[in-house]
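Breakdown of the fold
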Amino acid sequence: MEQDTIIIDSLTSRPLPKWLTDQRDGLNTLQPVKIEMKEDKSLNISLIVTGAFILLVVAVLTIYVLRRNKNKK
Amino acid sequence: MKSIHVKILIIAGILSLACTTKVSEWVLLNSLPNQYTLVYFHSAALTETVKQQNSAVTRELKDANVQFKNILKQDIKKPYYALYYQDRLFSKYSDINELKNLSASPLREKIADELMSGKLCVMLYLKTDNQPKDEASLQLIKKTLASSPFGEIITLVELSRNSKEEKHFVSMLLNVEDDLKGINEPMLFGIFGRFKALEPLIAKGITEENVSLMINFLTADCSCLIKDNLPGTDILFTDKWENPTPALVNKILDENPSLMHI
């Protein structure tokens, strides 16, 4: 009875059900969190923020001193 | 101990219990079956006779996971009924007599009784009526079940895809995936919970490994990943899911902790 058989090979031609492949691959349970090393940029950020803060303070103080001297004259 | 600590302990206990419930048991106890919609499409006003007919249909289906609707549609030549599962069209019926036994049939009754008696699942083998082809896979399934520690709590039933008595049931099974009707090969459906049919194993896909994976899926702890995305299609059936017998799988796992897996 070949005529009523279409060529179906569910292992290759037709995908297996998702619930089955998930079970096979262990995807039905919560996966442990992968720990990845990340580049530590905290030192650079700290230096930039400190530098910016110092520049800002110097600028503010400079303006303050210049204005005070100008007012005295 | 402060009351907040007691509350945390109780909540943690409940959560830990919930996470150790097996998939088959959790679905039976907690997952309501999705609704079907039976629509009567008509192009003219409903006559009294049709109204009475449709009332009778509604009464017959009142306990099943299906709702009935009348929809006026101008571009049809003849009124008809259509059965939808969510937004998928499952079947069309030109005559009301074709709706007979839509929500119940002997095999569906039997399967529901098995599920309510605490069985892990019912494996339904849908045959093609081509005996050599059917027999090979059937023997393999029987062998796998015989060697499984859960074999005794799994019921295997056979059904011909040409069965007249179970034509509605066969139609629903062949609609679990949209290409199944065109595949004339033996199929193995795992039925669990409140009549949820998993996407089937087909032809050469019916292997010992895959049948065992089906058992593993149903005996696994019900993780949030499974709960949030339950596979399968609910079969239309009269609602009778109150007070099931406790799941037999727990007894087997308690006696054989080595079978426990997640």
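Residues numbered from 1 in each chain as written. Chains lettered and ligands numbered in written order. Predicted model: local features only at pLDDT ≥ 70, side-chain atom pairs only at ≥ 80, totals over all residues. Heavy atoms only, no water.

Helices and strands together make up the secondary structure of chain B, namely 9 helices and 10 strands. In chain B, 75% of the contacts between residues at least 6 apart in sequence involve partners at least 24 apart. Mean positive and mean negative side-chain charge positions of chain B (30 and 32 charges, respectively) differ by 4 Å. (Helix = DSSP H or I, 4+ residues; strand = E, 2+ residues; numbered from the N terminus. Contact = heavy atoms within 4.5 Å. Lys, Arg positive; Asp, Glu negative; His and termini not counted. Charge placed at Lys NZ, Arg CZ, Asp CG, Glu CD.)

Attention shifts here to unusual backbone geometry. Of note in this structure, B:Gln86 is not a glycine but carries a positive phi near 55 degrees. Judged by relative accessible area, B:Gln86 falls into the partly exposed class, the value being 47%. (Buried < 20%, exposed > 50% of the residue type's maximum accessible area, 1.4 Å probe, protein only.)

For any pair of aromatic rings, geometry is given as the distance between the ring centres together with the angle between the planes. All names here are of chain B. Under the definition given, this model contains 12 aromatic pairs over all chains. Here the aromatic rings of Phe195 and Trp241 are separated by 6.4 Å at their centres, their planes lie at 75 degrees, and the arrangement is edge-to-face. Here the residue Phe195 occupies a position in the loop between strand 7 (187–192) and strand 8 (196–197), and Trp241 occupies one in the loop between strand 10 (233–234) and helix 9 (249–255), the gap between them amounting to 46 residues. Considered together, Phe195 and Trp241 belong to a single accessibility category, that of buried residues. Ring-pair connections join several aromatic residues into one group, and the members of that group are Phe169, Phe195, Phe237 and Trp241. (Phe/Tyr/Trp six-rings, centres within 6.5 Å; stacked < 30°, edge-to-face > 60°.)

Looking now at the pairing of strand 6 (residues 154–160) of chain B. Residue and element names in this part refer to chain B. Counting buried residues along strand 6, 5 of its 7 residues qualify, which places the element largely inside the surrounding structure. One ladder, built from 7 bridges, connects strand 5 (residues 121–127) with strand 6; its direction is parallel. Directly across from Leu124, in strand 6, lies its bridge partner Val157. (Pairing = 2+ DSSP bridges.)

A few words on the confidence of the model for chain A. Averaged over chain A, the pLDDT score is 81; the fraction of residues at 70 or greater is 78%. Within the model, the stretch residues 1–6 of chain A combines pLDDT values under 50 with 9 contacts to residues more than four positions away or in other chains. (pLDDT = per-residue confidence, 0-100.)

The description of two packed helices rests on the angle between their axes and on the distance between the axes. All names here are of chain B. The N-to-C vectors of helix 5 (residues 131–147) and helix 7 (residues 208–219) enclose an angle of 50 degrees; their axes lie 10 Å apart at closest approach. In terms of orientation, helix 5 and helix 7 fall into the oblique class. Crossing hand, helix 5 versus helix 7: right-handed. On helix 7, the residues that touch Leu140, Lys143, Thr144 and Leu145 of helix 5 are Glu208, Val211, Ser212 and Ile215. When its residues are assigned to classes, the contact of helix 5 with helix 7 shows 4 nonpolar, 2 polar and 2 charged. (Axes fitted to C-alpha atoms, helices over the stretch in contact; angles between N-to-C directions. Parallel < 35°, antiparallel > 145°, perpendicular 65-115°, else oblique. Left-handed = near helix turned anticlockwise from the far one by under 90°. Nonpolar A, V, L, I, M, F, W, Y, C, P; charged D, E, K, R; others polar.)

Once that is clear, we can look at helix 3 (residues 48–61) of chain B. Over its 14 residues, helix 3 of chain B runs 20 Å from end to end, which matches the ideal 20 Å to within 8%, given 1.5 Å per residue. Of the surrounding secondary structure, the elements contacted by the buried residues of helix 3 of chain B are strand 1 (36–42), strand 2 (66–72) and strand 3 (80–85) of chain B. (Expected span 1.5 Å × (residues − 1).)

All names here are of chain B. A sheet is described by the order of its strands in space; here 4 strands give the open sequence 2-1-3-4, paired in mixed fashion. The open sheet terminates on both sides in strands that have one partner only, identified here as strand 2 and strand 4 (88–93). Averaged over all adjacent pairs, the angle separating strand axes in this sheet is 25 degrees, with direction ignored. Relative to strand 2, strand 1 runs parallel, the two being bridged by 7 bridges. What sits directly across from Phe41, in strand 2, is Ile71. The strands touched by helix 3 are strand 1, strand 2 and strand 3; relative to strand 2, the strand with the most contacts, the crossing angle is about 160 degrees.

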